[in-house]
Amino acid sequence: MDMYSGQFRRVERIALVQMCRENINWSDLGLGTGHLKAYLDQQRPGIYDVHIFRSNDFRQFCANEHFDLVGISTVSHFYDAAIEFGQWVRENGIAPLVIIGGPHITCAPDSLSSCFDFGVVGEGEQTFLELLEGFRSGFSQAEIASIPGVLGWKNGRPKFTTQRPLLPDLDRLPLPDLDVFKKYGAIPSVLLTRGCPFACNFCISFAMWQRGVRRPTPERSVLLLKELNGKMGGLKVMVIKDDIAFISTEYLRKVIHHAEQIDPELLSIPKVVYARADIFTPEFAQALKDFGVYKAVFGFESGSDRILQLLKGSSASVAQNQAAIDLAFDLVGIWVLGHLAVWLVRPPTSVANPRTCSRSSDAVCDGSRSCAMITTSGRSAWICASRLRAELSVAAT
């Protein structure tokens, strides 16, 4: 089980792989692996040769390649595929070290598979750097396992060290490496902030970034968007998946101001922005329109107030969801996409039934297309679903 032996390892050539849906040319990629590569280049210039891949492309083009380390990032609904991928890397002798990071292992560290030497939990830049430095220095298993943010092994079981303090100033981080987006023709999924002040019981944000919100300066946000547009040779659409990136109308107006000063072309790029219904005001809707937003994506989650109370507490209601649709679509002409959370939980803890599901369906209005979303990697929702899955597996045997 404890595969890492602690001897000196020449760790220079690194593959960072983002798990994607198999056999589908999924063009939507996050910035996480790009942040890791840029941070390594900034902190240890010329030391690490880092390559970024989608899982599909890695299988196709790198089966006969050799790396010193393969790092895999995944969300929960690709975790089984990530385990199979990690096993495939080992069986084919592609890399002697296989590391897992990202939202799933952060939220469910006990699920660490034996095909992974270590896991990186939470914010990854500094943890991953120290992990690599430990490999190069020949740290023992115990020394590696003492690095904050590292998930290791002890007596055949996953063992987490301690939570790593969060990086205090996002402006001091380098802009993420963006070459992978041009390589794949992918649409960048932009996250500007880290953290969230809300407490939705199914969301990964608290586990990844904790409750406090860290936000770059408006000028820094504009520089990132400018860099994205330049790398892609002119974006046809820009997707900002951070629903609290513009939690304040004042902040968004400052971003617009800096865009006018630095690169006015940014304002003409059509944008899809994630937003929250409970803080959506007429002033905010107009600011989004001025920013070039043509579609807003809301986590409506349910058409039942009872379900919303359980999921989001007092911060959400069906009336607020409807008001957000009206403001976006009717007032400023922004199209609306609404996500509904769907999962199975056994009685008596079940909160969903045909009647409440029907209310969710009825809540989809003329100004909104619905998109079913499977809730994953959350706290209470994920734990409940995991227990159900285990019980069903036992019952089947």
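Shown above is the structure to which this text applies.
Reading guide: rules and limits
Residues numbered from 1 in each chain as written. Predicted model: local features only at pLDDT ≥ 70, side-chain atom pairs only at ≥ 80, totals over all residues. Heavy atoms only, no water. Helix = DSSP H or I, 4+ residues; strand = E, 2+ residues; numbered from the N terminus. Buried < 20%, exposed > 50% of the residue type's maximum accessible area, 1.4 Å probe, protein only. Contact = heavy atoms within 4.5 Å. Pairing = 2+ DSSP bridges. Axes fitted to C-alpha atoms, helices over the stretch in contact; angles between N-to-C directions. Expected span 1.5 Å × (residues − 1). 1 Å grid on protein atoms, 1.4 Å probe; cavity = no way out; pocket = protein on both sides within 12 Å on 5 of 7 lines; lining within 4 Å. Points joined across faces, edges and corners; volume = space filled by probe spheres on them. Nonpolar A, V, L, I, M, F, W, Y, C, P; charged D, E, K, R; others polar.

### Remarks on the overall build of the protein
On a plain count of helices and strands, the protein comes out with 15 helices and 14 strands. Looking at the protein residue by residue over its 397 residues, the buried ones come to 50%. Within the protein, counting contacts between residues at least 6 apart in sequence, those at least 24 apart form 75% of the total.

### Observations regarding the sheet that holds strand β4 (residues 69-73)
Within a beta sheet, neighbouring strands are joined by backbone hydrogen bonds and run either parallel or antiparallel to one another. Spatially, seven strands are ordered β3-β1-β4-β5-β6-β7-β8 in an open sheet, and the strand pairing comes out mixed. Strand pairing shows two members of the sheet lacking a second neighbour, β3 (49-54) and β8 (157-160), which therefore form its edges. The sheet shows a mean angle of 25° between the axes of neighbouring strands, taken without regard to direction. Of the strand pairs in this sheet, strand β7 (residues 150-154) and β8 are connected by four bridges, and their pairing is antiparallel. When the bridges of β8 are listed, G152 appears paired with K159. In the packing of helix α1 (residues 32-43) onto the sheet, contacts are made with β1 (13-18) and β3, and the angle to β3 comes to roughly 175°.

### Overview of the pairing of β7
In terms of burial, β7 is a largely internal element, four of the five residues being buried. Here strand β6 (residues 118-120) runs beside β7; their pairing, made up of two bridges, is antiparallel. Residue V120 lies in a different strand from β7, and its bridge partner there is V150. Where β7 folds back on β8, the antiparallel hairpin that results is connected by two residues, among which N155 adopts a positive phi of roughly 55°.

### Let's talk about helix α9 (residues 218-231)
Owing to its 3.6 residues per turn, the α-helix aligns residues three or four sequence positions apart on the same side. In this model, α9 (14 residues) spans 20 Å end to end at C-alpha, consistent with the 20 Å of a helix rising 1.5 Å per residue. Those residues of α9 not exposed but buried are P218, R220, S221, V222, L224, L225, L228 and N229. On its buried side, α9 packs onto β9 (187-190), β10 (238-240) and α10 (249-262). Looking one or two residues beyond α9, the residue adopting positive phi is G233, at roughly 70°.

### Digging into empty space enclosed by the protein
Per the counting criterion, the structure on display carries one cavity of 30 Å³ or more. When its volume is computed, the largest cavity comes out at roughly 30 Å³. In terms of lining, the largest cavity is formed by Q18, L29, G30, T33, I52, F53, R54 and V180. Those elements that place two or more of their residues in the lining of the largest cavity are β2 (28-30) and β3. Each residue belonging to the lining of the largest cavity can be placed in one class, and the counts come to four nonpolar, three polar and one charged.

Remember that the coordinates give geometry; whether it matters functionally is a separate question.
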